[in-house]
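A closer look at the structure
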Amino acid sequence: MARGPSRERFAGIKRALVAAAPKPAVDAYQTLRSLDAAAIRSWLDRRAEGKRAGDFPLPGLVRMTSVAGTANANWFLEGGQLAFRGLIEALGAYGSEGMGRVGEGERPSVLDFGCGCGRVARYWGREYPQIRFLGCDYDRNAVEWCTRNLPFGHFFVNRMDPPLNLDDESISFAYALSVFTHLPEALQRPWLDELVRVVKPGALVYFTTHGDAYLDQLSQEERRTYLSGELVVRRATAGGTNACGAYHPSAYVRHAMCRRVEVVAHLPEGAAGNPRQDVWIARKPSSPAAPSAG
Ligand SMILES: C[S@@+](CC[C@H](N)C(=O)[O-])C[C@H]1O[C@@H](n2cnc3c(N)ncnc32)[C@H](O)[C@@H]1O
């Protein structure tokens, strides 16, 4: 009797296919995996509820899954709101140069790097429509969706690698939620440096990573690498998609990434809207800091 590939070989082929797949295919695959009757019901209910309340439209199931990891609309909306609250709390606790001056001659500008279909952006539009809100993503379809459906913001496409089409020191607060978690190593520091370039001196850059909470998901060899302070990246060739996973030991974030900023807070598993990711809050120095060696 002819025998098929072994279990490990099959898993290897599946991993290779996912790593080579374009983003829409990865998103569709993840959606099908998480789709069930409850997800469809939640989408129909929340969409109808949003229409009645005059809320911004709800994205489709594939788009929601690509940013939230599940097709469940309840989590898309609640997780987005939790993430937004985390940003507002950080701003309240640490302050960011240029924020909090609405009505005093200056219009704060906020950048959502890797905004996807606006899971978090929509709350800025609802609660702070007076700010200048910018969102960007390398996923053109997501940006087009935001442009059509979230009229308070300006959304634009960026390339996979820096720079952004923004002036130096033009942003009062920048954040990247679950974006560095999907970047290959070659883009980790360049993208953090780019966010630092565009924010004002004294402004915050807020981002999330897969930290120690994910250790149990790593293989023995990956764990050794992680515990030695090195970044672990799975399926780097799928960078930007959810098939690529980056795992950041805190030493790597502090020493390899945060060379031009002061880390003001590291909150292990602090990303309530992206459970169980770590939150990093960094501040651009008020006077230019000399890059550290290394
Ligand atoms: C897991 S989703 C998170 C989306 C959103 N930040 C949120 O929390 O809902 C990751 C997002 O990062 C975007 N992304 C990945 N690499 C990027 C890059 N180099 N530049 C801009 N966006 C990127 C993806 O397209 C995707 O929208």
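Coordinates for the structure precede this section.
Residues numbered from 1 in each chain as written. Predicted model: local features only at pLDDT ≥ 70, side-chain atom pairs only at ≥ 80, totals over all residues. Heavy atoms only, no water.

Notes on the overall build of the protein
Helix and strand counts for the protein come out as 10 helices and nine strands. Taken along the three principal axes of its C-alpha coordinates, the protein extends 80 × 55 × 30 Å. Put simply, of all contacts in the protein between residues at least 6 apart along the chain, 67% involve residues at least 24 apart. In the structure as shown, the protein presents an accessible area of about 14,200 Å², 51% of it carried by carbon and sulfur atoms. Computing the positive centroid from 36 side-chain charges and the negative centroid from 31, the protein places the two 6 Å apart. (Helix = DSSP H or I, 4+ residues; strand = E, 2+ residues; numbered from the N terminus. Contact = heavy atoms within 4.5 Å. Areas by Shrake-Rupley, 256 points an atom, 1.4 Å probe, with all protein chains shown as cover. Lys, Arg positive; Asp, Glu negative; His and termini not counted. Charge placed at Lys NZ, Arg CZ, Asp CG, Glu CD.)

Description of a nonpolar patch on the surface
Together, Leu32, Leu35, Ile40 and Leu44 make up an exposed nonpolar region whose accessible area comes to about 350 Å². Examined against the element boundaries, Ile40 turns out to sit in helix H3 (residues 37-53). Classification of Ile40 by relative accessible area gives partly exposed; the value is 37%. (Patch = residues over 30% accessible without salt bridge, like charges linked within 9 Å, V, L, I, M, F, W, Y side chains within 5 Å. Salt bridge = Lys/Arg side-chain N within 4 Å of Asp/Glu carboxyl O. Buried < 20%, exposed > 50% of the residue type's maximum accessible area, 1.4 Å probe, protein only.)

A closer look at the side chain of Lys284
Relative to the assigned elements, Lys284 resides in the segment after strand S9 (278-283). A polar side-chain atom of Lys284 sits 2.8 Å from the main-chain carbonyl oxygen of Val196. Beyond its immediate sequence surroundings of up to four residues, Lys284 is in contact with Glu169, Val196, Arg197, Val199, Lys200, Pro201, Gly202, Ala203 and Val261. (Polar contact = N/O pair within 3.5 Å; in protein donor to acceptor, adjacent residues only side chain to side chain.)

Some details on the pairing of strand S1 (residues 109-113)
Of all five residues that make up S1, five are buried, and the element is covered over most of its length. Along S1, one buried face is formed by Ser109, Leu111 and Phe113 and the opposite face, lined by Val110 and Asp112, is buried too. Pairing analysis gives five bridges linking S1 to strand S2 (residues 132-137), with the strands arranged parallel. Across the sheet, the residue bridging to Ser109 is Arg132, located in S2. Tracing the backbone out of S1, into helix H6 (residues 121-127) and back to the parallel element S2 gives a crossover that is right-handed. (Pairing = 2+ DSSP bridges. Right-handed = clockwise from strand over helix to strand, strands pointing away.)

Let's talk about unusual backbone geometry
It is generally the case that most residues other than glycine have a negative phi and that most peptide bonds are trans. Looking along the chain, the bond that leaves Pro162 and enters Pro163 is cis, with omega of 10°. You can see Pro163 is positioned in the loop between strand S3 (153-157) and strand S4 (171-176). For the peptide bond that leads from Pro275 to Arg276, omega is -5°, which places it in the cis range. Mapped onto the elements of the fold, Arg276 is located in the loop between strand S8 (262-267) and S9. You will see that Glu169, though not glycine, has its phi angle at about 55°, which is positive. Mapped onto the fold, Glu169 is located in the loop between S3 and S4.

That is the geometry; function is a separate question.
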